[in-house]
There are 2 protein chains.
Amino acid sequence: MNQDLRREREGASFNPELLTHVLDGSPENTRRRREIENLILNDPDFQHEDLNFLSRSQRYEVAVKKSASMVKKMREFGIADPEEIVWFKKIHLVNFVEPVNLNFSMFIPTLLNQGTTAQQEKWLLSCKGLEIIGTYAQTEMGHGTHLRGLETTATYDPETQEFILNSPTVTSIKWWPGGLGKTSNHAIVLAQLITKGKCYGLHAFIVPIREIGTHKPLPGITVGDIGPKFGYDEMDNGYLKMDNYRIPRENMLMKYAQVKPDGTYVKPVSNKLTYGTMVFVRSFLVGEAARSLSKACTIAIRYSAVRHQSELKPGEPEPQILDFQTQQYKLFPLLATAYAFQFVGAYMKETYHRINEDIGQGDLSELPELHALTAGLKAFTSWTTNAAIEACRMACGGHGYSHCSGLPNIYVNFTPTCTFEGENTVMMLQTARFLMKSYDQVHSGKLMCGMVSYLNDLPSQRIQPQQVAVWPTVVDIDSPDSLTEAYKLRAARLVEIAAKNLQNEVIHRESKEVAWNLTSIDLVRASEAHCHYVVVKLFSEKLLKIQDKSIHTVLKNLCLLYCLYGVSQKAGDFLQGGIMTESQITQVNQRIKELLTVIRPDAVALVDAFDFQDVTLGSVLGRYDGNVYENLFEWAKKSPLNKAEVHESYHKYLKPLQSKL
Amino acid sequence: MNQDLRREREGASFNPELLTHVLDGSPENTRRRREIENLILNDPDFQHEDLNFLSRSQRYEVAVKKSASMVKKMREFGIADPEEIVWFKKIHLVNFVEPVNLNFSMFIPTLLNQGTTAQQEKWLLSCKGLEIIGTYAQTEMGHGTHLRGLETTATYDPETQEFILNSPTVTSIKWWPGGLGKTSNHAIVLAQLITKGKCYGLHAFIVPIREIGTHKPLPGITVGDIGPKFGYDEMDNGYLKMDNYRIPRENMLMKYAQVKPDGTYVKPVSNKLTYGTMVFVRSFLVGEAARSLSKACTIAIRYSAVRHQSELKPGEPEPQILDFQTQQYKLFPLLATAYAFQFVGAYMKETYHRINEDIGQGDLSELPELHALTAGLKAFTSWTTNAAIEACRMACGGHGYSHCSGLPNIYVNFTPTCTFEGENTVMMLQTARFLMKSYDQVHSGKLMCGMVSYLNDLPSQRIQPQQVAVWPTVVDIDSPDSLTEAYKLRAARLVEIAAKNLQNEVIHRESKEVAWNLTSIDLVRASEAHCHYVVVKLFSEKLLKIQDKSIHTVLKNLCLLYCLYGVSQKAGDFLQGGIMTESQITQVNQRIKELLTVIRPDAVALVDAFDFQDVTLGSVLGRYDGNVYENLFEWAKKSPLNKAEVHESYHKYLKPLQSKL
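- Going by an unreviewed UniProt entry, chain A carries the name Acyl-coenzyme A oxidase and comes from Lynx canadensis.
- Looking at chain A in UniProt, the text filed under Sequence similarities (unreviewed entry) is "Belongs to the acyl-CoA oxidase family."
- In the Pathway (unreviewed entry) part of its UniProt record, chain A is described as follows: "Lipid metabolism; peroxisomal fatty acid beta-oxidation."

Remarks on the overall build of chain A
Working step 1: Within chain A, the regular secondary structure consists of 23 helices and 11 strands.
Working step 2: Taking 2.2 N^0.38 as the reference for a compact globule, 661 residues should give roughly 26 Å; the C-alpha atoms of chain A span a radius of gyration of 27 Å, in line with that estimate.
Working step 3: The principal-axis extents of the C-alpha atoms in chain A amount to approximately 85 × 85 × 65 Å.
Working step 4: Split into buried and exposed, the 661 residues of chain A put 62% on the buried side.
Working step 5: Of the roughly 24800 Å² that chain A leaves accessible, carbon and sulfur atoms contribute 52%.
Working step 6: Separation between the mean location of the 71 positive side-chain charges and that of the 73 negative ones in chain A comes to 3 Å.

As for the sheet that holds strand 7 (residues 221-225) of chain A
Working step 1: Across the sheet, three strands lie side by side as 4-8-7 (chain A); this open sheet has antiparallel pairing. Of all strands in the sheet, those bounded by a partner on one side alone are strand 4 (174-175) and strand 7 of chain A.
Working step 2: With two bridges connecting them, strand 4 of chain A and strand 8 (residues 238-242) of chain A associate as antiparallel partners. Considered in strand 8 of chain A, the bridge of W175(A) is made with Y239(A).
Working step 3: Across the sheet, helix 22 (residues 629-637) of chain B is in contact with strand 4, strand 7 and strand 8 of chain A; its angle to strand 8 of chain A comes to roughly 115°.

Quick word on the pattern of salt bridges
Working step 1: Overall, the coordinates contain 75 salt bridges over all chains when judged by the stated rule.
Working step 2: Residue E485(A) is joined to K488(A) by a salt bridge in which the shortest nitrogen-to-oxygen separation is 3.7 Å. With E485(A) and K488(A) both in helix 14 (residues 480-508) and three residues apart, this pair spans about one turn of that helix.
Working step 3: Residue E485(A) is classed as partly exposed on the basis of its relative accessible area, which comes to 32%.
Working step 4: Between E35(B) and R32(B) there is a salt bridge whose closest N-O contact spans 2.6 Å. Note that E35(B) and R32(B) are positioned in helix 3 (residues 27-41) at a spacing of three residues, about one turn of the helix.

Details of the relation of the copies chain B and chain A
Working step 1: Between chain B and chain A, the superposition needs a rotation of 180° and an axial shift of 0.0 Å, giving an RMSD of 0.1 Å. Put plainly, the chains are arranged around a two-fold axis. Across chain B, the rotation axis passes nearest the C-alpha of G572(B), at a separation of 1.9 Å.
Working step 2: Counting the interface residues of chain B, we find that 100% of their copies in chain A are interface residues as well, pointing to one common contact surface.

A look at the packing of aromatic side chains
Working step 1: The final tally for this structure, using the stated rule, is 46 aromatic pairs over all chains.
Working step 2: For the ring pair F610(B) and F612(B), a centre distance of 6.4 Å and an interplane angle of 50° mean the geometry is tilted.
Working step 3: Residue F610(B) is classed as buried on the basis of its relative accessible area of 6%.
Working step 4: Since its relative accessible area comes to 8%, F612(B) is described here as buried.
Working step 5: Taken together, the ring pairs in this structure connect W176(A), F230(A), Y232(A), Y401(A), Y411(A), W176(B), F230(B), Y232(B), Y401(B) and Y411(B) into an aromatic cluster.
Working step 6: Note that R9(A) overlies the ring of Y624(A), its terminal NZ or CZ placed 3.7 Å from the centroid.

Examining the interface of chain B and chain A
Working step 1: Each partner contributes residues to the interface: chain B has 143 residues there, and chain A has 143 residues.
Working step 2: Approximately 12000 Å² of surface area, both sides summed, lies buried where chain B meets chain A, with 60% of it carried by carbon and sulfur atoms.
Working step 3: Seen at the junction of chain B and chain A, the total is 10 salt bridges.
Working step 4: Measuring nitrogen to oxygen at the nearest pair gives 3.8 Å for the salt bridge that ties E510(B) to K313(A).
Working step 5: Inspection of the chain B/chain A interface yields 72 residue pairs in polar contact (both at pLDDT 80 or more).
Working step 6: Top contributing element to the side of chain B that touches chain A by residue count: helix 4 (residues 56-77) of chain B, with 10 residues.

Notes on the side chain of R56(A)
Working step 1: With respect to the helices and strands, the residue R56(A) is situated in helix 4 (residues 56-77).
Working step 2: Residue classification places R56(A) among the buried positions, given a relative accessible area of 14%.
Working step 3: Apart from residues lying up to four places away in sequence, R56(A) is in contact with D225(A), G227(A), P228(A), K229(A), D233(A), M235(A), D236(A), S639(B) and L641(B).

As for the environment of V306(B)
Residues and elements named next belong to chain B.
Working step 1: Tracing the backbone shows V306 in helix 8 (residues 275-306).
Working step 2: For V306, a relative accessible area of 6% gives the class buried.
Working step 3: For the pair V306 and S184, spaced 122 residues apart in the sequence, the C-alpha separation amounts to 45 Å.
Working step 4: In contact with V306, not counting residues within four places along its chain, are N2, D4, L5, G626 and V628.

Notes on the environment of A498(B)
Residue and element names in this part refer to chain B.
Working step 1: Along the polypeptide, A498 turns up in helix 14 (residues 480-508).
Working step 2: Through-space distance from the C-alpha of A498 to that of L435 is 9.7 Å; in sequence the pair is 63 residues apart.
Working step 3: With sequence-adjacent residues up to four places away left out, A498 is seen in contact with M436, T519, D522, L523 and A526.

Structural notes on the nonpolar core
Working step 1: Of all hydrophobic cores here, the largest spans 309 residues; its most connected members are W175(A), Y339(A), W175(B) and Y339(B).
Working step 2: Here Y339(A) is in contact with L19(A), L23(A), F539(A), L555(A), L558(A), L606(A), A609(A) and F610(A), once residues within four sequence places are set aside.
Working step 3: Of all hydrophobic cores here, the second largest spans 25 residues; its members include A137(B), V223(B), M252(B) and A257(B).

Quick word on the sheet that holds strand 4 (residues 174-175) of chain B
Strands pair in a sheet through their backbones, by hydrogen bonds, and they do so in one of two ways: parallel or antiparallel.
Working step 1: Pairing is antiparallel across the open sheet formed by three strands, whose spatial order is 4-8-7 (chain B). Pairing within the sheet leaves two strands with one partner each, and these edge strands are strand 4 and strand 7 (221-225) of chain B.
Working step 2: Against the sheet, helix 22 (residues 629-637) of chain A contacts strand 4, strand 7 and strand 8 (238-242) of chain B, and its axis sits at roughly 115° relative to strand 8 of chain B.

Some details on unusual backbone geometry
Working step 1: With a phi close to 50°, E421(A) is a non-glycine residue in the positive phi region.
Working step 2: Within the element layout of this structure, E421(A) appears in the loop between helix 12 (407-414) and helix 13 (424-443).
Working step 3: Judged by relative accessible area, which is 34%, E421(A) ranks as partly exposed.
Working step 4: Of note, the phi angle at H215(B) is positive, near 70°, even though the residue is not glycine.

Brief notes about the pairing of strand 6 (residues 198-208) of chain B
Residues and elements named next belong to chain B.
Working step 1: Pairing geometry for strand 5 (residues 186-195) and strand 6, over nine bridges, is antiparallel. Residue pairing for strand 6: L190 is matched across the bridge by A204.
Working step 2: With antiparallel pairing between neighbouring strands as the criterion, strand 5 and strand 6 make up a hairpin whose turn holds two residues, including K196 at a positive phi of roughly 50°.

Looking at helix 2 (residues 16-24) of chain B
All names here are of chain B.
Working step 1: For helix 2, the full list of buried residues reads L19, T20, H21, L23 and D24.
Working step 2: Looking at the packing, one finds that the buried side of helix 2 touches helix 3, helix 9 (325-360), helix 17 (549-569) and helix 20 (603-608).
Working step 3: Structurally, the start of helix 2 carries an N-cap: the backbone nitrogen of E17 is 3.0 Å from a side-chain oxygen of N15.

What about the domain arrangement of chain A?
When the parts of a complex come together, some accessible area is lost, and that lost area is often used as the size of the interface.
Residues and elements named next belong to chain A.
Working step 1: In terms of domains, chain A is made up of domain 1 (1-42 + 280-447 + 479-643) and domain 2 (102-268).
Working step 2: For domain 1 and domain 2, the distance between their C-alpha centroids amounts to 37 Å.
Working step 3: Contacts between domain 1 and domain 2 engage eight residues on the former and four residues on the latter.
Working step 4: Together domain 1 and domain 2 conceal approximately 520 Å² of surface at their shared face, both sides included; 71% is due to carbon and sulfur atoms.
Working step 5: The largest share of the area that domain 1 buries against domain 2 comes from V412, N413 and V426, three residues that together contribute 61% of it.
Working step 6: At the junction of domain 1 and domain 2, the tally comes to zero salt bridges.
Working step 7: Across the domain 1-domain 2 interface, the total number found is one residue pair in polar contact (both at pLDDT 80 or more).
Working step 8: Broken down by element, the residue count for the side of domain 1 that touches domain 2 peaks at three residues, all from helix 12.
Working step 9: Of the residues in the side of domain 1 that touches domain 2, the class split is five nonpolar, two polar and one charged.

Analysis parameters
- Residues numbered from 1 in each chain as written.
- Chains lettered and ligands numbered in written order.
- Predicted model: local features only at pLDDT ≥ 70, side-chain atom pairs only at ≥ 80, totals over all residues.
- Heavy atoms only, no water.
- UniProt positions renumbered as here; feature names shortened; annotations may be inferred.
- Helix = DSSP H or I, 4+ residues; strand = E, 2+ residues; numbered from the N terminus.
- Rg over C-alpha atoms; globule rule 2.2 N^0.38 Å.
- Buried < 20%, exposed > 50% of the residue type's maximum accessible area, 1.4 Å probe, protein only.
- Areas by Shrake-Rupley, 256 points an atom, 1.4 Å probe, with all protein chains shown as cover.
- Lys, Arg positive; Asp, Glu negative; His and termini not counted.
- Charge placed at Lys NZ, Arg CZ, Asp CG, Glu CD.
- Pairing = 2+ DSSP bridges.
- Contact = heavy atoms within 4.5 Å.
- Axes fitted to C-alpha atoms, helices over the stretch in contact; angles between N-to-C directions.
- Salt bridge = Lys/Arg side-chain N within 4 Å of Asp/Glu carboxyl O.
- Least-squares fit on C-alpha atoms with pLDDT ≥ 70 in both.
- Phe/Tyr/Trp six-rings, centres within 6.5 Å; stacked < 30°, edge-to-face > 60°.
- Lys NZ or Arg CZ within 6 Å of the ring centre and 35° of its normal.
- Buried area = accessible area lost by both parts, 1.4 Å probe.
- Polar contact = N/O pair within 3.5 Å; in protein donor to acceptor, adjacent residues only side chain to side chain.
- Core = buried A, V, L, I, M, F, W, Y, C linked by side-chain atoms within 4.5 Å.
- Domains from an automatic or database assignment.
- Nonpolar A, V, L, I, M, F, W, Y, C, P; charged D, E, K, R; others polar.

Structure (structure tokens):
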């Protein structure tokens, strides 16, 4: 092992294994996760040439091959529990994208949620056996965010008891579904249902797109790959155009809404239940943000411990770049953020399961808050992570730009999280809608509970109105609880400002919608502050549950750094409204520097605790053994451009030009 | 033309052609630029398949082919003026990277700057005739920022009058030089010069690496491509390892330092002159930042005018997404930034030429400030642009993630600017060193001139010291001059804080270097504030030179938006020290919203004025005619994955798995 890393590990103040157990939830979880990961890491079927050296078509082929191996292994090892499937796939998900994923993550769940028992009996086994390879086709070329705007139609023909599917315009072509381009033979298609001359809005239909056996597109179907993207090279995101394409009536998913044989439409009892999948996916994405950021931090911090550069003291050897204050200031707040998001991700998972059970028992009361929270936190954590991965990459200097670092791939495969499954600004505005509603409810005398209960305490809600500028607090910058309080006050203040600006616009504008649009900057700001408060609160509360003293100490420092860094970045928000004073902000900046020094000796152990065994597969810079330079040279030699000593383009294009002028 | 774009253009308050003349410097410059651009756009030799559909080896081949065509055309059209070469290449530089570029941009200039007349006579014609294809090899695998740490050695052997070049360690292997991997046959190599048993530091040597004619690596030379990167796919960034490789004494560039035949070292008169190239490259990069950001804004704003989504008013058709306040808030401050950087880039070019003339006449007095300014502005503009390109990409939603948008390529080819030619944090600290030196000089009674003259007015420098909190100003948020003053005060305050913290650390620490490191967060913050002030100042001053009233009005609004957006983002800095009050910050946020509304009708014309004819080559979303969706479908059909109706991996991997369970 690299000497620097050995020394770092020996000098740590805590045992990273204990922290890994905290992150996994229990020692037993850690053991089981490693067992499953090792099945893959040690399996020759999963070894392949570095994807960075392959063309996109080759990458797609490797991905299909790995997808197929994974299905085989899951059958072989009897891995069926959804949680275990996630662990089994986790090793792929950060580095790797798989074309048959949507069959398991979207097609089957939608069939289970929205199909009748008869429909499930008809299709489920074929899906599990991969006779049906399914995907989920919702987004169209011209329509993403605004579902009601989707143009694809499914018109019922009572004569033949079929639906006739059409893509009436270029903009109505289905666009983006993963695995649609080349891999899938079925899609669940969202389309405007028309029966008896009337449109009943979006419904889901099971649509065969390729012939089973030959895999050729069926007549009436135009299907293909949408072309290269920033990342997701291995995924055949596809397009689908349907021309008078007929499917049987039974292919409409009819658990809720139904179309009778004669074309009579029967509407569903409630619309709320379709929330479920979205909420699940978004809460899962919070955990994905945590994993991607943790991985980026692992690479950048290990490399910063191994890389020596410049001079700190004249005449002495070049120091580890991790000893530069600016490098610490780049990386340690991100490390703290990674821990914060890990705990938020775990909280989201628990909460989802808890509320899902309630829903199963008919209690939908917490669904609106959960929906608002997942929307906002998905946006908040993905925006932060997106910028943070790039900060980690650039903190590795030139080598970060090379695919040897593994960081470009982490970035390009993470960044769509900001725009898919609900574009982030739209998500923030959904959270804002809940905040405004809550604000109004408090105003009309109702007490809020949950994460927005702070709105009950707004000065403007009190009988004796107080100046916003005299919040009754003195912030203790060494106390996570006190800082949580400060974040709460900031959120309350920004929610109130947004609400008042909105009220003001409503008075002056032609419609509520116009007023909403003209307040949307304030609304997004309020949502961000709310989410930031939630993250700070969950991190602080997590500290209370940590028993081991050494782990508690190191996590408390990370929590403080997370809180204080946020205060420093948003100092204006904390100064306005008098939450903190100018001299406190100065103290905050000073305290941040001290915390960097305190965290420095534990930095490597803190990323070791994330336990990314697989970093070695995707990153030369992030290897556990820190053997960077020799490996980098070996890696580079394999570059496809090095296959021939002299590239043929020299002879073709340059040699004919050469002359002494 | 797309109807939305037509309507936008008809509704603009000014003629974009006039603004294009302002950006180019004169109508004549615009004419000549277009003439040269059209030579390329209309030339069949420069047409090629979309690079996004090609493998890296194919992209490299296309790049070499284009490089060769370009050299031929430049010979044919007699394009020799460096400025015209830039225009001629500009069309490539944003979308395209060319392997022989370093021959013209680094090899020949270094030969001209550091070679003797005899050396120039010997090599120059061969370089221009491409018999010699040269590159510049400085960075090593283990050494970038810290030049003194470079390990490559050139040991003089008086017996044979040769230098013996060696790469003694893995970390000493030359790494990154563009065109080194496969294209070049010569490199200017930076190495530690050793003669008569003594090391004299870094010197430049002309090193043949491949045989002319066969292009095979010469004995003693190990050379190749360093492997795939985030971007720059077309560039064969390379490695070079030398083992007891001998070159004649005459291959050392000897205009300044010399080694006599007997091995006697003659040292140069001054070291300062080697600054020149660095300063030129960095000031050029400021212009590159402006161009890349302008291009990203062009794409995002045109697409936002064409894209319709969601609802603003119930029952009405989906609005252009450019009508959403949040979309305007994402894009218009970036548009304002693009204009700001365009003017800064032009200023840097002028200043460089002016000071270069002074240097030619022996006057080096302005060089230190120019050096500090280019370092800081290179960092400031590239960091801002880096984040801004991604913001533009994400503002295009899902389609921004596709290579059809052109934005991923703009980003990956721009982002190395943050870490090459001086890593940005290191650059900021160089600027800080100049600021600290200036601060000390003012303290010792000297008056500073140039961009740092504000330090003369620091309260602490006055005989009657004043509270920092009572700056004698009231900021007028509608006046660019008054806002420039506010930015000046902010810079002055942060420079002073950094200086005082540095002084304080110096007292308590073992060495100045340790103190410097422990203040470096403050130092970077001070440099950023200084650079921000310079940008605001240059933008404001540019307004004074605009005669056309309609152009003046629209640029003044952009300038105000740029200033106020910065205030809002850094509100804490303006509140602390009492530069602005809380109620002023509230007004600033309100005024920003108004400015968004004011700029809205001119947004498309403002990006048209950048006059990127070539956007159509690299971006489906950014086309001048706004024909997005049909083109997108045509583009996608050409995806390599669509070559076969059924991809072979289906038959190989998926079909064998398919079963009804």
